[in-house]
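One-letter residues, chain by chain:
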Amino acid sequence: MKKVLLFTALAAALTSGLAQAAEKLVVAATPVPHAEILELIKPALAKEGVDLQIKVFTDYVQPNVQVDQKRLDANYFQTLPYLKSFNEGKGTDLVTVIGVHVEPFGGYSKKVKSLAELKDGATIAIPNEGSNSGRALILLQKAGLIELKDPKNALATPKDIAKNPKNFQFKELESAMLPRVLDQVDLDMINTNYALEAGLNPAKDALVIEGSDSPYVNFLVARPDNKDSPAMQKLAKALTSPEVKAFIEKKYSGAVLPAF
């Protein structure tokens, strides 16, 4: 009888362990810093029975499309304004799970050493995605280079510029393409994740950059049907752990800031 009970207990433990190991979570992320942060917490999640699988993307569209299509469980790369713009434009219903970090958006140049050196008619490259375009233009407005019709319009485009005293020319490109044209434009407005991938140091190289009060927090994003699942909540907790906070502060030296 004792042997039967022991066997039953062992079988139950084994079954439980297999169930935990089978709790797979597939998350999309851009390479830096998102995928690096996910890689950091992967071992800890494995101990909690979550098999975190990281799919790296270099664009901002497919991670959302594939989560919506249930080909992926979640993604980690975007701000709330971008998510809202995407949902409205694509008819999706993706939701935030938890905010993790801020990447201060900045402007870079290899042709001038300060914004004051920008000449009349200088070319400025900005993202062509709604919220990122607005983010770049709002930063340029705060720097005194332009004036927008609505200073708080998070979806502003060059058409929403009210005053452009130096007649700057705007080149609109996909965010991932911006680092590639750094040599070709006078000022390049680049998302920090792409700036880091290109070897730029936002804290040292940016001629203009958002402050630590930036409202553009990067979120873990999922669907309404899985945002509260046990595995997703374990991921959310791990992403906002003291370990992640220390990692961000040490590795990125101000180019990425914890939002928790």
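With an unreviewed UniProt entry as reference, the chain is termed Methionine ABC transporter substrate-binding protein, source organism Pseudomonas rhizophila. The annotation that UniProt attaches to the chain under Subcellular location (unreviewed entry) is "Membrane". The UniProt entry for the chain carries the following comment under Sequence similarities (unreviewed entry): "Belongs to the NlpA lipoprotein family."

Moving on, we come to the nonpolar core. Counting residues in each nonpolar core, the largest one holds 29 residues, and the members touching the most others are Val27, Leu38, Ile41, Leu220, Leu235 and Leu239. Excluding anything up to four places from it in sequence, Leu38 contacts Val27, Ala29, Leu52, Ile54, Tyr76, Leu235 and Leu239. With 23 residues, the next largest nonpolar core counts Leu148, Ile161, Leu187 and Met189 among its residues.

With that out of the way, let us pick up the sheet that holds strand E4 (residues 95–102). Pairing between the strands of a sheet is mediated by backbone hydrogen bonds and can be parallel or antiparallel. Read from one edge of the open sheet, six strands run E2-E1-E3-E12-E4-E13, paired in mixed fashion. Across the chains shown, the open sheet's two edge strands, defined by having one partner strand only, are strand E2 (50–56) and strand E13 (257–258). With three bridges joining them, strand E1 (residues 23–29) and strand E3 (residues 74–79) adopt parallel strand pairing. Bridging across to E3, Ala28 finds its partner in Asn75. Those strands touched by helix H4 (residues 80–90) are E3, E4 and strand E12 (217–222), and its axis lies near 110° from that of E3.

Judged from the six bridges that link them, E4 and E12 form a sheet pairing that is antiparallel. Bridging from a neighbouring strand, Thr96 pairs with Val221 of E12.

With an omega of -5°, the peptide bond between Val32 and Pro33 qualifies as cis. If you check the backbone angles, Lys70 has positive phi at about 65° while not being a glycine. Tracing the sequence through the fold places Lys70 in the loop between helix H3 (62–68) and E3. Phi at Asn167 takes a positive value of approximately 50°, unusual for a residue other than glycine. You can see Asn167 is positioned in the loop between strand E8 (161–163) and strand E9 (169–173).

Cut-offs applied
- Residues numbered from 1 in each chain as written.
- Predicted model: local features only at pLDDT ≥ 70, side-chain atom pairs only at ≥ 80, totals over all residues.
- Heavy atoms only, no water.
- UniProt positions renumbered as here; feature names shortened; annotations may be inferred.
- Core = buried A, V, L, I, M, F, W, Y, C linked by side-chain atoms within 4.5 Å.
- Buried < 20%, exposed > 50% of the residue type's maximum accessible area, 1.4 Å probe, protein only.
- Contact = heavy atoms within 4.5 Å.
- Pairing = 2+ DSSP bridges.
- Helix = DSSP H or I, 4+ residues; strand = E, 2+ residues; numbered from the N terminus.
- Axes fitted to C-alpha atoms, helices over the stretch in contact; angles between N-to-C directions.

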